[in-house]
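Listed here are the chains, written in short residue letters.
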Amino acid sequence: MGPKCGDTKAKRTHNVLTLQEKLDLIKLNEQGMSHANIGRKLGIPRTTVTTILKNKAKVLEEIKNATPVHTKLIRKRHSLISEMEKVLNLWIQDQISHNIPLSQGLIQAKALTLFNAMKAEKGEASAEETFGASRGWYDNFKKRSNLHIIAGQGEIASTDTAAPETFPAELEKVIEDGGYTKQQIFNVDETGLFWKKMPSRTFLAREERSMPGFKAAKDRLTLLLGANAAGDCRLKPMMIYHSENPRALKNYVKSSLPVHFKSNKKAWMTGDLFTTWFSDYFKPAVETYCKQQQIPFKILLLLDNAPSHPRLVIEAHKEIKVVFFPPKTTALLQPMTQGVTSLFKSYYLRRTFAKAIAAVDTADVDEGGKHNKLKAFWKGFNILDAIKTVRDAWDEVKETNLKGVWKKLIPSFMYNFEGFGETVEAVISDVVDMAKQLELQVETEDVRELLKSHDQPLTDEDLLQIDEQRRLFNEEESQAEDMAQPRELTTKELEEGIAKVEDAIAFWEKVDPNFERSSKVNRGLENQIACYKELLRERKKTSMRQTSLISFFKEEPPEPWPIIPPPCSLDSMPSTSAPTPVSSPTESPSPKRMRWLLDYP
């Protein structure tokens, strides 16, 4: 019989974890589980989890150098097989993201192919290592990688071929029975993004291919994008990256970023990450939206049938009904894949080129030609720049685009549809023109090829390169300084920044003869810095309150004692001596002095 809720005997009685327990904790974190959930699973405080993960490198080194007594808990496997499994995991997730059915045979065959490719690449260093992709290896690999959900996916995905024709009618009935409006129906979908990739024929792409070390062009992250059928509620993107604390984000509070920044080693969506997003962001966000629109808080969320979307957890919310697309229908029916993600990626590329043009135009002439300036810009383009570009590209997707992609799934919602808006082809044309301004040899087909590469299954070469690049990246990050706490915006900086904007307002008002234009700009600037002015006011109020309290409790120096002659007889006192005054005739004695006088005999 299991322990009852609140049974103190079931709780841990010690805080010292074994090396095996620490290793299990680290593995759960690498699978995407949050610190709080790890603590609940292992029965330890969240602060303990955070401390161990903060010192992860030391813990792993301790495990590596453990005595034989400890190492009995940890079975060291061949390094090449271990490296192959990392790449294999990446391939499996890539296949899942593209709705490609998997089976045990396919996974075993891919494992053998990857092992042989990696062995050939390493040469004599791995000549003695062998691998047969046996059934026993497969069973253990599933346990190590938590891939029990893969079993049977191939068989499930091959059934129900009529679903693309029948599902829209089934969904219409669900909408009618639940009384859902366009505003209450949402769809979200994950998509991959090579955030720093140029068309293959540009000199930037050629140079990166020839350079040793980390190649950022193959650095891929995962985005979760979504909106409602009315198009008036686009959700804040969720970004999943392979590094938890990139140096580019060192001084920023992650919760203040324009994306929900999450991480795991493979930069993909997991059930734990999706559950956290669903509970901590999606539910509060749509509830707030319903209140603002003065509509009932009841939501219909449409999801693809991916293993990273855990049914039991997300179906537990009574206000939110979740409907899953049948297998092999998401590419045909899911709204986000009907043009939103491809348009978003074309906007991302166009905005990246626009930033490159701005950097080249503002650079000093003495720095060299455009190629050198462009190279310097591209070298400095980091994950923070990517986050800003994701924000701008997502904001650029128009409401008409977000509504138009529901046409196949729910035709009845399209009675007032005004057109899809800007197309991907139009954006591609802009990118080609911008490339010419940068003196790059880019044709329309080059841009199309780049945009398609985001969504194409990874080749063996891609898989090996991505794994190697992330390893090099993590080594480089670990050699840098430790992650500092986000810096605080000082009061002095607030005052200086506000003063600069106010100087700019005065400047435009002085030099621009068009009063209406300068007034419009100045009003905009005033509105933009209003939040900083409010923050400065709060800082000064807090400072004044603290100063007042300090003054109140500050101990004042004691007042000087009054000069009083010692007691003496009248006979011994000179007759000419006048009594020493206790206080001036025009000034009343202080309470302390009065108390002393009263006590004096």
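The structure displayed is predicted, hence computed values, not measured ones.

Q: Please explain the packing of aromatic side chains as it appears in this structure.
A: Aromatic rings considered in pairs are described by the distance between their centres and by the relative angle of their planes. Taken as a whole and assessed by the stated rule, the structure comprises 17 aromatic pairs. For the pair F131 and W137, a centre-to-centre distance of 5.1 Å together with 85° between the ring planes defines the contact as edge-to-face. By the burial criterion, F131 is buried, and W137 matches it. For the pair W195 and F381, a centre-to-centre distance of 6.3 Å together with 25° between the ring planes defines the contact as stacked. With W195 in the loop between β1 (185-194) and α11 (203-210) and F381 in the loop between α16 (370-380) and α17 (383-396), this residue pair connects regions lying 186 residues apart in the sequence. Three or more aromatic residues joined by ring pairs form one cluster here, namely F186, F274, W277, F278, Y281, F282 and Y289. Stacked on the ring of W378, the Lys or Arg K196 has its end atom at 5.7 Å from the ring centre.

Q: Is there a simple way to explain the pairing of strand β6 (residues 320-324) in this structure?
A: Successive residues of a regular strand alternate their side chains across the two faces of the sheet. Most of β6 is tucked away: four of the five residues are buried. Here five bridges tie strand β5 (residues 299-303) to β6, and the two strands are oriented parallel to one another. Looking across to β6, one finds that I299 is bridged to I320.

Q: When you look at the confidence of the model for the chain in this model, what are you seeing that I'm missing?
A: Where the model shows low pLDDT, its predicted coordinates should not be examined in detail. For the chain, per-residue confidence averages 78 on the pLDDT scale, and residues scoring 70 or more make up 72% of the total. Per-residue pLDDT stays below 50 along residues 582-587; that stretch engages in four contacts with residues further than four places along the chain or on separate chains. The low-confidence segment residues 592-601, where pLDDT is below 50, has 13 contacts with residues more than four positions distant or belonging to other chains.

Q: What is the right way to read helix α7 (residues 104-122) from this model?
A: Residues separated by three or four positions in an α-helix point in the same direction, a consequence of the helix having 3.6 residues per turn. With 19 residues, α7 ought to run about 27 Å at 1.5 Å a step, and its terminal C-alpha atoms sit 27 Å apart, in line with that. Those residues of α7 that sit buried are I107, Q108, K110, A111, L114, F115 and M118. Mapping the buried residues of α7 onto a view down its axis gives an arc of 165°, with all of them on the same face.

Q: In this structure, what is going on with the sheet that holds strand β2 (residues 220-228)? I would like to understand it.
A: The strands making up a sheet associate through backbone hydrogen bonding, with each pair oriented either parallel or antiparallel. Strand order across the open sheet formed by six strands is β4-β3-β2-β1-β5-β6, with mixed pairing between neighbours. Here the strands that pair on one side only, and so sit at the sheet edges, are β4 (260-263) and β6. The mean inter-strand angle of the sheet, taken between neighbouring strand axes irrespective of direction, is 25°. Taken together, the three bridges between β2 and strand β3 (residues 238-241) define a ladder with antiparallel strand orientation. Counted as the bridge partner of L223 is M239 from β3.

Q: Which parts of the structure should I look at to understand a nonpolar patch on the surface?
A: Taken together, F507, W508, V511 and V521 make up a surface patch of nonpolar side chains, about 360 Å² in accessible area. A total of three residues in the nonpolar patch trace back to one element, the largest contributor, which is helix α22 (residues 491-511). Considering the arrangement of structural elements, one finds V521 in helix α23 (residues 515-528).

Rules behind the numbers
- Residues numbered from 1 in each chain as written.
- Predicted model: local features only at pLDDT ≥ 70, side-chain atom pairs only at ≥ 80, totals over all residues.
- Heavy atoms only, no water.
- Phe/Tyr/Trp six-rings, centres within 6.5 Å; stacked < 30°, edge-to-face > 60°.
- Buried < 20%, exposed > 50% of the residue type's maximum accessible area, 1.4 Å probe, protein only.
- Helix = DSSP H or I, 4+ residues; strand = E, 2+ residues; numbered from the N terminus.
- Lys NZ or Arg CZ within 6 Å of the ring centre and 35° of its normal.
- Pairing = 2+ DSSP bridges.
- pLDDT = per-residue confidence, 0-100.
- Contact = heavy atoms within 4.5 Å.
- Expected span 1.5 Å × (residues − 1).
- Arc of directions from axis to C-beta.
- Axes fitted to C-alpha atoms, helices over the stretch in contact; angles between N-to-C directions.
- Patch = residues over 30% accessible without salt bridge, like charges linked within 9 Å, V, L, I, M, F, W, Y side chains within 5 Å.
- Areas by Shrake-Rupley, 256 points an atom, 1.4 Å probe, with all protein chains shown as cover.
- Salt bridge = Lys/Arg side-chain N within 4 Å of Asp/Glu carboxyl O.

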